[in-house]
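Commentary on secondary and tertiary structure
Each chain, letter by letter, is given below.
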Amino acid sequence: MASLYFDIRDLFSAVRMGWSGKKIWAGLCGLFIAYFVYSALVVVGYVMSGMTGSELLHTYGLFPGAAPDKVGGLPAILHLVAMVVAAVVLFLTTSVMCKVTYQQLRGDDFYTLGEAFGFIRKHWGGVVFGPIACFALLVLFLVAGMIIGWLAGVIPAVGEIAFAIGFIPIFFAALVAVFIVFAIIASILLAPAIVGTVGEDALEVVIQSFSVCWSQPWRSALYLVWLGISVYVGTVILSGLMTLALGLIGWACGMFMDEKLVGMLQIAQGYLPSVDFSTPILHAYPEMKTIWSDLAETQPNASVIWSGRILGIMLVMLTGVLLSYVQAAFASGTTLIYVILRKKKDDENMLEWEDPDFTNFDFDGEDEATSEDSDSTEGGTANEENAAGGSDSSAEK
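1. Quick look at the overall build of the chain
Within the chain one finds 13 helices and zero strands. The linear arrangement of helices and strands in the chain, starting from the amino end, is α-α-α-α-α-α-α-α-α-α-α-α-α. Residue burial in the chain is summarised as follows: out of 397 residues, 34% are buried. A separation threshold of at least 6 residues defines the contact pool for the chain, and within that pool the share at least 24 residues apart is 81%. Summing over all exposed atoms, the chain offers an accessible surface of approximately 22,800 Å²; the carbon and sulfur share of this is 70%.

2. Looking at the environment of Ile-188
Summarising the element assignment, Ile-188 is placed in helix H8 (residues 167–198). Classification of Ile-188 as partly exposed rests on a relative accessible area of 39%. Along the primary structure Ile-188 and Ile-132 are separated by 56 residues, whereas in three dimensions their C-alpha atoms are 9.1 Å apart. Setting aside residues up to four positions removed in sequence, Ile-188 forms contacts with Phe-91 and Pro-131.

3. Digging into the pattern of salt bridges
For the structure on display, the rule yields five salt bridges. With its nearest N and O atoms 3.5 Å apart, the salt bridge here joins Asp-347 to Lys-343. A residue is classified by how much of its surface remains accessible, and Asp-347, at 59% relative accessible area, is exposed. Judged by relative accessible area, which is 27%, Lys-343 ranks as partly exposed. Ionic contacts of the salt-bridge type, sharing partners, join the residues Arg-342, Lys-345, Asp-346 and Glu-348 into one network.

4. A short note on H8
Of all the bends in H8, the greatest reaches close to 55 degrees and is centred on Leu-190; the proline Pro-192 follows between one and four positions later. Of the residues trailing H8, Gly-199 is marked for its positive phi of about 75 degrees.

5. Topic: the nonpolar core
Ranked by internal contacts, the top residues of the largest apolar core, which has 37 residues, are Leu-4, Leu-336 and Ile-337. The set of elements that each furnish at least two residues to this core consists of helix H1 (14–18), helix H2 (21–48), helix H5 (73–105), H8, helix H9 (202–215), helix H10 (217–257) and helix H12 (302–346). Take this core: its biggest share by element is 11 residues, from H12. With near-sequence residues (within four places) excluded, Leu-4 lies in contact with Asp-10, Leu-105, Leu-336, Val-339 and Leu-351. Val-42, Tyr-46, Val-71 and Ala-86 belong to the second-largest nonpolar core, a separate cluster that totals 11 residues.

Quick notes on the rules
Residues numbered from 1 in each chain as written. Predicted model: local features only at pLDDT ≥ 70, side-chain atom pairs only at ≥ 80, totals over all residues. Heavy atoms only, no water. Helix = DSSP H or I, 4+ residues; strand = E, 2+ residues; numbered from the N terminus. Buried < 20%, exposed > 50% of the residue type's maximum accessible area, 1.4 Å probe, protein only. Contact = heavy atoms within 4.5 Å. Areas by Shrake-Rupley, 256 points an atom, 1.4 Å probe, with all protein chains shown as cover. Salt bridge = Lys/Arg side-chain N within 4 Å of Asp/Glu carboxyl O. Bend = angle between axes of the 7 residues up to and from the residue. Core = buried A, V, L, I, M, F, W, Y, C linked by side-chain atoms within 4.5 Å.

This is the structure we're talking about:
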């Protein structure tokens, strides 16, 4: 079992715990499933709106972007469904990573991804419907406010007077609605960890989201901000190391491949998502420009073209590794945050809880049953001996 301080010092290990082969592989599986489902629905939507396959490939490449406002009608619904399905897949994948992290903290380093996926398959409802239930509560308050406003507007004289008299309760109801917004944010960020640790249901996700926001608001905000900074720093370091590795490959292999490598990179760049380095967020990654830099003009042959296409797929997979690491580090951090917050607000060390996967194995109950069976056997033997002794004494008389 991991030794925790149960404070912000534990979050420093989130960056290191994110670099886990099991978690990154789970993230890659989730990314590929989300990508294929999302791309299929988006492409079908574009085709239904009148675009051809060649136009889609020329405009978006391998990464079609959803645009419900441009296509309209049924294609827009398909685009929305694609975004929702992709988000659900990523949520469930994050919950799998949280489960692996939780078992890692408990000292079970041999917990497999198959067991984690099976665990989430049983408890996936809490991850999906927990945030939806919090949002439904907000909608309920908003609808109630709209009904109150409608009644105050349609009832002459009495309506506005009743609204003025009941303004204080209405105000506090609105204040509760504002609090629900923060609970929704907490449920979105922590639902994978709440379910991924001990398999809570949707109701428990709602309860824990409200409890965290009410009893530990500042600590929760501080921990999440610190986690975001830590994951950002870890991502910058990993992306820099990956860029240095690519530069080393380009230098060492380019000495002899020359125009072949240049041609392969030209082809491969066409399969990568377009990157706009004028955006402020990418100013922190100036080294990444070396990958998308202007290459010398060359005329690649057929083998170089196909090699460039394969290289493009490999670079896409490496991009998926980087994104999976970000997801794994975030999942590790939110698991630590939830364990710490439960210790702070409920004085419960979740790492000492019984594993929900083994609740059916009650060894104490088996021991008790065995002892009862042995007692009954001994009692039966004693009764038989007494009965035998009584019959012998009767015979002697």
